[in-house]
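# Coordinates in review
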Amino acid sequence: MIEIHLILLFMIAAAIVAVEARDLLSSVVAIGSVGIGLSLAFLILKAPDLAIMQLVVEIMSLVILVRATMRQDLPFSMSGRWVFNTFSTVLFMCVFLGAAYIALKNIPLGGGDFGIASGVYLREAIPATGAKNVVAAITSNYRLMDTLGEVAAIFTAVVGVMAIARRVGRPR
Amino acid sequence: MIQKGMSVIVKTVTKITLGFILLYAVYISLNGHTGPGGGFAGGVIVALSFVHIMLVFGKEMALKRLRSYVLRGLTCAGALIFLYAATVKFSGGCVPFGAFLEKSVSCRLFNSEITLPFCEMLIIGAGLFAIFVALVLLSKSDRYDSE
Amino acid sequence: MVTYILCLMLFCVGLYCVLRKRNLIKIIIGIGIMGYAVNLFIILAGYRAQSRAPIYANDQIVARMVDPLPQAMVMTSIVLELSVTLILIAIAIRIYEKYGTFDITKINKLKG
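In short, a report on the structure.

## Considerations on the overall build of chain B
Scanning chain B from N- to C-terminus turns up 7 helices and 0 strands. Counting only residues that meet the buried cut, chain B has 49% of its 147 residues in that class. Surface exposure of chain B reaches about 7300 Å², of which carbon and sulfur atoms provide 72%.

## A few points about the overall build of chain C
The secondary structure content of chain C amounts to 3 helices and 0 strands. Taken from N to C terminus, the helices and strands of chain C fall in the order α-α-α. For chain C, the C-alpha radius of gyration of 20 Å lies well beyond 13 Å, the compact-globule estimate for 112 residues. Counting only C-alpha atoms, chain C reaches 65 × 30 × 15 Å along its principal axes. Considering chain C as a whole, with its 112 residues, one finds that 61% of them fall into the buried category. Counting contacts in chain C only where the partners sit at least 6 residues apart, residues at least 24 apart contribute 48% of the total. Carbon and sulfur atoms make up 64% of the accessible area of chain C, which totals about 4600 Å². Computed over 12 positive and 5 negative side-chain charges, the inter-centroid distance for chain C is 14 Å.

## Description of the side chain of Asp-49 of chain A
Mapped onto the secondary structure, Asp-49 of chain A falls in helix α3 (residues 48-68). The buried charged residue Asp-49 of chain A lacks any salt bridge, with Arg-52 of chain C as its nearest oppositely charged partner at 13 Å. Polar contacts involving the side chain of Asp-49 of chain A include one to the main-chain amide nitrogen of Gly-37 of chain B, which spans 3.1 Å. Residues in contact with Asp-49 of chain A, not counting those within four places in the same chain, are Asn-133 and Val-135 of chain A, Gly-35, Pro-36 and Gly-37 of chain B together with Met-75 of chain C.

## Overview of the nonpolar core
Ranked by size, the top nonpolar core spans 126 residues in total, and within it Phe-42 of chain A, Phe-40, Leu-128 and Leu-135 of chain B together with Leu-40 of chain C carry the most contacts. With 15 residues, the single largest contributor to this core is helix α6 (residues 105-137) of chain B. Each of domain 1 (1-71) and domain 2 (133-172) of chain A gives at least three residues to this core. Ignoring sequence-local partners within four residues, the contact set of Leu-135 of chain B consists of Ile-64, Arg-67 and Val-161 of chain A together with Ile-89, Ala-90 and Ile-93 of chain C.

## Considering helix α1 (residues 2-20) of chain A
Here α1 of chain A is 19 residues long and its end C-alpha atoms lie 27 Å apart, about the 27 Å a rise of 1.5 Å per residue gives. Contacts from the buried residues of α1 of chain A go to α2 (24-44) of chain A together with α1 (2-20) and α2 (24-45) of chain C.

## Quick notes on the environment of Leu-48 of chain B
By secondary structure assignment, the location of Leu-48 of chain B is in helix α2 (residues 39-57). On the basis of relative accessibility, which here comes to 18%, the residue Leu-48 of chain B falls in the buried class. For the pair Leu-48 of chain B and Ile-21 of chain B, spaced 27 residues apart in sequence, the C-alpha separation works out to 9.5 Å. Excluding residues within four positions of it along the chain, Leu-48 of chain B makes contact with Val-56, Ile-59 and Met-60 of chain A.

## Comments concerning the interface of chain A and chain B
Chain A puts 34 residues into the contact, and the matching count from chain B is 45 residues. Summing both sides of the interface, chain A and chain B together bury roughly 3500 Å²; the carbon and sulfur share of this comes to 76%. Across the contact surface, chain A and chain B share 0 salt bridges. One can count 7 residue pairs in polar contact (both at pLDDT 80 or more) joining chain A with chain B. Elements with a contribution of two residues or more to the side of chain A that touches chain B: α3, α6 (134-142) and α7 (144-164) of chain A. At 12 residues, α7 of chain A tops the list of elements feeding residues into the side of chain A that touches chain B. Its residues assigned to classes, the side of chain A that touches chain B comprises 22 nonpolar, 5 polar and 7 charged.

## Thoughts on helix α1 (residues 8-30) of chain B
Along its 23 residues, α1 of chain B runs 34 Å from first to last C-alpha, staying within 8% of the 33 Å computed at 1.5 Å per residue. At Thr-17 of chain B, α1 of chain B shows its strongest bend, of approximately 40°. Within α1 of chain B the residues assigned to the buried category are Thr-14, Ala-25, Ile-28 and Ser-29 of chain B. In this fold, the buried residues of α1 of chain B make contact with α3 of chain A together with α2 and α6 of chain B.

## Quick look at the packing of α3 of chain A against α2 of chain B
Running from N to C, α3 of chain A and α2 of chain B point in directions that differ by 30°, and their axes come no closer than 9 Å. Between α3 of chain A and α2 of chain B lies a crossing whose hand is left-handed. Touching Ile-52, Met-53, Val-56, Val-57, Ile-59, Met-60 and Val-63 of chain A of α3 of chain A are Phe-40, Ala-41, Val-44, Ile-45, Ala-47, Leu-48 and Val-51 of chain B, all from α2 of chain B. By residue class, the composition of the contact of α3 of chain A with α2 of chain B is 14 nonpolar, no polar and no charged.

## Comments concerning the interface of chain C and chain A
Buried accessible area, meaning the area lost when the parts come together, often serves as the stated size of an interface. Facing 68 residues of chain C, the contacting portion of chain A comprises 87 residues. Summing the contributions of chain C and of chain A, the shared interface buries around 7600 Å²; its carbon and sulfur component is 75%. Contact with chain A buries surface across chain C, with Tyr-36, Tyr-47 and Tyr-56 of chain C losing the most and accounting together for 10% of the total. Applying the counting rule to chain C against chain A returns 13 residue pairs in polar contact (both at pLDDT 80 or more). Contributing elements (two or more residues each) for the side of chain C that touches chain A: α1, α2 and α3 (68-99) of chain C. Take the side of chain C that touches chain A: its biggest share by element is 22 residues, from α3 of chain C. Residues that form the side of chain C that touches chain A fall into these classes: 50 nonpolar, 8 polar and 10 charged.

What counts and what doesn't
- Residues numbered from 1 in each chain as written.
- Chains lettered and ligands numbered in written order.
- Predicted model: local features only at pLDDT ≥ 70, side-chain atom pairs only at ≥ 80, totals over all residues.
- Heavy atoms only, no water.
- Helix = DSSP H or I, 4+ residues; strand = E, 2+ residues; numbered from the N terminus.
- Buried < 20%, exposed > 50% of the residue type's maximum accessible area, 1.4 Å probe, protein only.
- Areas by Shrake-Rupley, 256 points an atom, 1.4 Å probe, with all protein chains shown as cover.
- Rg over C-alpha atoms; globule rule 2.2 N^0.38 Å.
- Contact = heavy atoms within 4.5 Å.
- Lys, Arg positive; Asp, Glu negative; His and termini not counted.
- Charge placed at Lys NZ, Arg CZ, Asp CG, Glu CD.
- Salt bridge = Lys/Arg side-chain N within 4 Å of Asp/Glu carboxyl O.
- Polar contact = N/O pair within 3.5 Å; in protein donor to acceptor, adjacent residues only side chain to side chain.
- Core = buried A, V, L, I, M, F, W, Y, C linked by side-chain atoms within 4.5 Å.
- Domains from an automatic or database assignment.
- Expected span 1.5 Å × (residues − 1).
- Buried area = accessible area lost by both parts, 1.4 Å probe.
- Nonpolar A, V, L, I, M, F, W, Y, C, P; charged D, E, K, R; others polar.
- Bend = angle between axes of the 7 residues up to and from the residue.
- Axes fitted to C-alpha atoms, helices over the stretch in contact; angles between N-to-C directions.
- Left-handed = near helix turned anticlockwise from the far one by under 90°.

Encoded structure:
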């Protein structure tokens, strides 16, 4: 799995650039490249649905982020307890990565077998639902409640943004 | 930049390719059961094509064609139809007209293969473009220009 | 195992951005990076070596497929992440319009 390692290293490098760049527009473009790398990783990990979805979602959020960062500067201040805060954050990250190393030490990538539900879905997708794409069979037949919640969430987001960004309000 | 629109080359190419982009979005969203894709990806492509129109032809022309209440109406209608179709599938035909939709295998397939992705495409496409329009109109300089 | 650790390092980059940066747009970007890392981790957990994508073809017998259930879950997760990002950006633009800055240390006045 050398490809996935290379893509992950590229994503980490682009994420560090996105975090540390002084210019907000450069940072937004860097987060776009992180999303494209994630789309490639999904394609390599045999999830073409998610690759398409990640690509279009990335472009959409990139357009809206560029709209949000037009003509605006980036303040950079080092006041406060800068050293202490950075040290504690890095310490927490080291503890987190150490615990993750201990927990994931014996788990190989792509090794194990999956649970009962996935086996049932893979076996009975075509006879029970008629869908050749098993992921679509799960999201639109077996777990339709999930998709209903997803649509409710995006509908709530639309209503919320239109309520936040409304133009009528108190007169200025 | 946004008000005046882009050059004539970009406008002409956009006029030619716009239909193909929308056709590809419908293909992606209705192809979800036999290949990669799905309603959500198709809906985002629809929204991106409208954003493309708005960037190329300017704000006024895009909003003259597609009013804000049309977008809101499309989103709400898509959400209601999606809720009805999902309820039919949950209850196995215990809602009005549900027995007709769940009667045969072809009707069930039509329900889950055409209705649900199409409604999802409607909701996502209209809703995300409405969000983009709202965020563009929110800007302070634009507000002073228009008032 | 190295892949999991790299994925969690990506998560840590996002966490550092959320905890230590003072710009609202940077914080939104950090939340996005954390979401990417978590989605990738779930997909890595469902991956199996030498297997195919979970889509049946007409004339082929496919022996091994990857786990379809994490992909269905991550599909929901991506949508929720987009919704959260949109609402955060709308609130950030509102705050910029009211206070004239994205710096979170300067947004402490009860103004207006």
